[in-house]
Amino acid sequence: MEYDSANTLMQVVCLLLAFAAVSWAIMVRPMRIAPKASLRFSIANACVLAGMLLYTQRSADVSYLYWIGADVTILLGVSCLRSGAQALYHLPSSLHIDLSIIAITALLMSLVPPSAASGAYHVCLLSVSCAVLFYGFARDHYFGFKETLTSFATYWLVVPLVLISLLFLSRAILLIVDTSHLSSIATLDASPQRPVLVLWVYIVFILVVNILAVGNSINKLVTKILSMANVDALTGVYNRNYLHHKLNKVHRQWLQHQSQYSVLLFDLDHFKQINDTYGHGIGDEVLKQTAQRISQSLYSDDFFFRFGGEEFLVLMPNTSVDQAHSLAQRCKAILNDFSVATAQGAIKVSASFGVASISQGMSSEQLLSHADKAMYQAKHAGRDCIRSAA
Ligand SMILES: Nc1nc2c(ncn2[C@@H]2O[C@H](COP(=O)(O)OP(=O)(O)OP(=O)(O)O)[C@@H](O)[C@H]2O)c(=O)[nH]1
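What you see as residue numbers is a count from 1 along each chain, following the sequence as written. Under the rules for a predicted model, residues below a pLDDT of 70 receive no local features and side-chain atom pairs below 80 are neither given nor counted, while totals for whole chains, interfaces and linings still include all residues. Each side-chain value is derived from all of the structure's non-hydrogen atoms; neither hydrogens nor water enter the calculation.

(A) Summary view of empty space enclosed by the protein. Of the grid points, spaced at 1 Å and generated over the protein atoms alone, those admitting a 1.4 Å probe that cannot get out make up cavities, while open sets with protein on both sides within 12 Å along at least five of seven lines make up pockets; any residue with an atom within 4 Å of a point is treated as lining. Grid points are joined across faces, edges and corners, and a volume is the space filled by probe spheres set on the points. Throughout the structure, instances matching the rule amount to one cavity of 30 Å³ or more. Approximately 250 Å³ is the volume found for the largest cavity. Lining the largest cavity are 18 residues, with Val48, Val78, Phe134, Phe205 and Ile206 positioned closest to its centre. By definition, any uninterrupted DSSP run of H or I lasting at least four residues is a helix, any uninterrupted run of E lasting at least two residues is a strand, and each is numbered from the N terminus. At the level of elements, α2 (35–55), α3 (65–88), α5 (119–148) and α8 (196–230) are the ones that each hand at least two residues to the lining of the largest cavity. Here the lining of the largest cavity is built from residues that sort into 16 nonpolar, two polar and no charged. Just so you know the grouping, Ala, Val, Leu, Ile, Met, Phe, Trp, Tyr, Cys and Pro go in nonpolar, Asp, Glu, Lys and Arg go in charged, and all remaining residues, Gly too, go in polar.

(B) Examining the sheet that holds strand β6 (residues 351–357) more closely. A pair of strands is considered paired only if DSSP assigns at least 2 bridges between the two. As summarised here, the arrangement of the five strands in space is β2-β3-β1-β6-β7, forming an open sheet in which the pairing is mixed. The outermost strands of the open sheet, each flanked by one partner alone, are β2 (303–306) and β7 (386–388). Pairwise comparison of adjacent strand axes, ignoring direction, gives a mean angle of 20° for this sheet. Of the pairings in the sheet, the one linking β6 to β7 comprises three bridges and is parallel in character. The residue bridging glycine 354 from the neighbouring strand is arginine 387, located in β7. In this analysis an axis means a line fitted to C-alpha atoms, helices contributing only their contacting stretch, and an angle means the value between N-to-C directions, from 0 to 180 degrees.

(C) Up close: the site of the ligand. If you check the shell around the ligand, you find 16 residues, and the closest are Phe271, Lys272, Asp284, Arg306 and Arg383. Take arginine 383: an N or O atom from its side chain is 2.8 Å from an oxygen atom of the ligand. About the coverage of the ligand: the protein hides 67% of its 670 Å² of free accessible area. Taken together, the elements giving at least two residues each to the shell around the ligand come down to β1 (262–268), α10 (271–278) and α11 (280–296). Among the elements that line the shell around the ligand, the one with the most residues is α11, at four residues. Any residue with at least one heavy atom within 4 Å of a molecule or strand is counted as near it. Any N or O atom pair separated by 3.5 Å or less is treated as a polar contact, with the protein-specific requirement of one donor-capable and one acceptor-capable atom, and with residues adjacent in sequence counted only for side-chain atom pairs. For accessible areas, the Shrake-Rupley method is used with a probe of radius 1.4 Å. Any residue's cover is judged against the shown protein chains and nothing else.

(D) Main features of helix α13 (residues 364–380). Taking 1.5 Å per residue as the helical rise, α13 with its 17 residues ought to reach 24 Å, and the 25 Å between its terminal C-alpha atoms agrees with that figure. Buried within α13 we find Ser364, Leu367, Leu368, Ala371, Ala374, Met375, Ala378 and Lys379. Around the axis of α13, the buried residues are gathered within 150° of arc, so they sit on the same side. Residues of α13 that are exposed and point over 90 degrees away from its buried face: Glu365, Lys373 and His380. Of the residues one or two after α13, glycine 382 is the one with positive phi, at around 110°. Expected span of a helix, by definition, is 1.5 Å for each gap between consecutive residues, and there is one gap fewer than residues. Summary of the burial criterion: residues with accessible area below 20% of their type's maximum are buried, those above 50% are exposed, and those between are partly exposed, where the area comes from a 1.4 Å probe applied to protein chains only. In this description, one arc is meant: the one made by directions from the helix axis to the C-beta atoms.

(E) Structural view of a nonpolar patch on the surface. For patch detection, residues must exceed 30% relative accessible area and be free of salt bridges, and they are connected within 9 Å for like charges or within 5 Å for nonpolar side chains (Val, Leu, Ile, Met, Phe, Trp, Tyr). Any Lys or Arg side-chain nitrogen located within 4 Å of an Asp or Glu carboxyl oxygen qualifies as a salt bridge. The grouping of Phe152, Trp156, Val159, Leu163, Leu166, Leu169, Ile173, Ile176 and Val177 at the surface amounts to a nonpolar patch, some 940 Å² of accessible area in total. Tracing the backbone shows phenylalanine 152 in helix α6 (residues 151–177).

(F) A look at the domain arrangement of the protein chain. Segment limits for the domains were obtained from an automatic or database-derived domain assignment. When its domains are assigned, the protein chain resolves into domain 1 (2–230) and domain 2 (240–388). For domain 1 and domain 2, the distance between their C-alpha centroids amounts to 52 Å.

(G) Region of the structure containing the UniProt feature "domain: GGDEF" (unreviewed entry) in the protein chain. UniProt positions are given in the numbering used here, feature names are shortened, and annotations may be inferred rather than shown by experiment. With numbering aligned to this structure, UniProt lists the feature "domain: GGDEF" (unreviewed entry) at residues 259–390. When the span residues 259–390 is considered, its composition is 45% helix and 27% strand, and the gap between its end C-alpha atoms is 19 Å.

(H) Looking closely at the UniProt feature "transmembrane region" (unreviewed entry) in the protein chain. Those residues carrying the UniProt feature "transmembrane region" (unreviewed entry) are residues 6–27, 39–58, 64–83, 95–113, 119–137, 149–177 and 197–218 in this numbering. End-to-end, the C-alpha atoms of residues 6–27 are 31 Å apart, and along that stretch the chain is 100% helix and 0% strand. When the span residues 149–177 is considered, its composition is 93% helix and 0% strand, and the gap between its end C-alpha atoms is 40 Å.

(I) Examining unusual backbone geometry more closely. With an omega of 15°, the peptide bond between arginine 29 and proline 30 qualifies as cis. Residue position: proline 30 is located in the loop between α1 (2–28) and α2. A positive phi angle is found at asparagine 318, which is not glycine, with a value near 50°. Assignment of secondary structure puts asparagine 318 in the loop between β3 (311–316) and α12 (321–337). Residue asparagine 318 is classed as exposed on the basis of its relative accessible area of 57%.

(J) Up close: the packing of α2 against α3. Between α2 and α3, the least distance of the axes is 7 Å, while the angle of their chain directions is 165°. In terms of axis orientation, α2 runs roughly antiparallel to α3. Classified by chirality, the crossing of α3 by α2 is left-handed. In terms of residue class, the contact of α2 with α3 is made up of 19 nonpolar, six polar and three charged. Under this scheme an angle from 65 to 115 degrees is roughly perpendicular, one under 35 degrees roughly parallel, and one over 145 degrees roughly antiparallel; angles in between are oblique. By definition, turning the near helix anticlockwise from the far helix through less than a right angle yields a left-handed crossing, and turning it clockwise yields a right-handed one.

(K) Broad picture of the confidence of the model for the protein chain. Per-residue confidence for the protein chain gives a mean pLDDT of 91, with 95% of residues at or over 70. Predictor confidence is given residue by residue as pLDDT, running from a minimum of 0 to a maximum of 100. Residue contacts are defined here by distance: any two heavy atoms, one from each residue, within 4.5 Å place the two residues in contact. Contacts for the low-pLDDT stretch residues 185–190, under 50 throughout, to residues beyond four places or in other chains number 23 contacts. Per the prediction output, this complex has pTM 0.71; the corresponding ipTM is 0.97.

(L) Summary view of the layout of surface pockets. Its boundaries defined by the atoms lining it, the largest pocket holds a volume of some 360 Å³. As for the largest pocket, its lining consists of 13 residues, and the residues nearest its centre are Ala34, Leu88, His90, Lys220 and Lys224. Sort the elements by how many residues they give to the lining of the largest pocket and α8 lands first, with five residues.

(M) Broad picture of the environment of phenylalanine 168. Turning to its location among the elements, phenylalanine 168 is positioned in helix α6. Apart from the residues lying within four places of it in its own chain, the contact partners of phenylalanine 168 are Ser127, Cys130, Ala131, Phe134 and Phe205.

If you want it as structure tokens, here you go:
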């Protein structure tokens, strides 16, 4: 009975792994969802599947393939999982470290002829390596999640991976302390004692790891779509769509806490002439480099947007009229010292600046309109100057 249910569970484990490997392959193509990471997750599941199938062939005889071959294949699968997470979150690769861990494990395993008799030694080494690799996998997720999720969500999503790592470590310690546990806890040979509990734990591991990886890929995709919706494709700064979202938020803070905020609107002078003289491509380059230059010099609390064609806006939370005016002077000085390096030589740019600060009874739309009027006053005053809204 025990033997039958263990066999059925083993088939479930293999089916789950095969299903996961195929599903990730579909994510690579035709779906093209995080293709680099998905390919690695697919290979990871396929490797663990191959390792499991080798496991099932174990017997009392010495077999390097069914013991060390199986273990190394599974470890390669886990290192592919890590590599997938690193590709997903653009983290530095740890492949050479992981491969070194696997090579050392294989070397240590090969010191003792692998068979059921020396099973505790081999399973212990496998468990320690899995614990180290899963710890690394958890660490990768911690750094990946930290960028996009709250600390609460980050910790709770990383905890299951740390638990998997601790379970492998506990298994290794248990085997060192008492090798008699081997037959009941650690083996996956084809004997009637193949433990049902271990297979259930493997099923949970496979589900947890794959569900987490699917969640990560979708989260990454959503983050990418959101950032594309909020960022201007040419200059790489926030677009007008995001301005309205951010402006509403800052305005709510003003209403609740009376924390004054300001805006600085500027429009490049005689930009049409640049386009007419050098062509639209160079005009684009001027917009791009100017936006990048200003963006670099802003405080981290400020938000920078492309407001329209050659118009840009800085939203400054917790900023008074005077502080906003000094920022405008700084931006003007930066532009005056700056020239855009293009294929047709250096091009000088200047801009006309309009500053406005929020006051009692004013809506955010009125604030933008005040800044716009101030900017047009600067244009009429001869350009390359700053005007503040009354
Ligand atoms: N290359 C390029 N040009 C753009 C882009 N968006 C708007 N423009 C151009 O920017 C120019 C703006 O011209 P105007 O509104 O007449 O203003 P201006 O020449 O800068 O003159 P003033 O603002 O009065 O100093 C137009 O020629 C637009 O075609 C863009 O994304 N790329």
